[in-house]
Amino acid sequence: MSKILKSPFFYALLPSLLFYIYLFSHEWIPIHDTLHVASIDYYLFNEYVQNGSLPLWNPLSQYGLSSNWYLAMYTSPSLYFLLPVAKVLSEVHFFHLFYFSLFLDELVLLVGAY
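This is a predicted model, so every value here is computed, not measured. (Residues numbered from 1 in each chain as written. Predicted model: local features only at pLDDT ≥ 70, side-chain atom pairs only at ≥ 80, totals over all residues. Heavy atoms only, no water.)

What follows deals with the nonpolar core. The biggest cluster of nonpolar side chains holds 18 residues, and the ones touching the most others in it are Tyr20, Phe45, Phe94, Phe95, Phe98 and Tyr99. If you list the elements that add at least two residues to this core, you get helix H2 (8-25), helix H3 (33-51), helix H6 (83-88) and helix H7 (94-111). Here this core gets six residues from one element, more than from any other, and that element is H7. When residues no more than four places from it in sequence are discounted, the contact partners of Phe94 are Ala38, Asp41, Tyr42 and Phe45. (Core = buried A, V, L, I, M, F, W, Y, C linked by side-chain atoms within 4.5 Å. Buried < 20%, exposed > 50% of the residue type's maximum accessible area, 1.4 Å probe, protein only. Helix = DSSP H or I, 4+ residues; strand = E, 2+ residues; numbered from the N terminus. Contact = heavy atoms within 4.5 Å.)

Listed below in structure tokens is the structure:
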């Protein structure tokens, strides 16, 4: 345990870890750009869980658009890895998976493998 506490990685991860513990324990809704990304990801999760495929058309944005650009720009690789988890655990609240994907993105960034 003392080896973990002496690690600089632990202290780099600690603020992020505390922030996400707070997010999971409260009902927090993202605002501004994060809300936009969360709505795109919600549409992705919803379509994948209900129909088993990625959406190729987004009728909710600008009178309907091809969603390929949105999926490429706004969806992180960690969110794609969580799609099978969302399919198996379809009753899990989407925001928890969204927050967990953000945490995974920060973890990968801290490791330096992004």
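There is more to say after this.
Here H3 spans 27 Å end to end across 19 residues, near enough to the 27 Å set by a 1.5 Å rise per residue. What H3 keeps buried is the set Val37, Ala38, Ile40, Asp41, Tyr43, Leu44 and Phe45. Just downstream of H3, Gly52 is the residue with a positive phi angle, here 75°. (Expected span 1.5 Å × (residues − 1).)

Scanning the model with the defined rule gives one aromatic pair in all. Summarising the aromatic geometry, the rings of Phe98 and Tyr99 are spaced 6.2 Å apart at their centres and angled 50° between planes, so their arrangement reads as tilted. For Tyr99, a relative accessible area of 2% corresponds to the buried category. (Phe/Tyr/Trp six-rings, centres within 6.5 Å; stacked < 30°, edge-to-face > 60°.)

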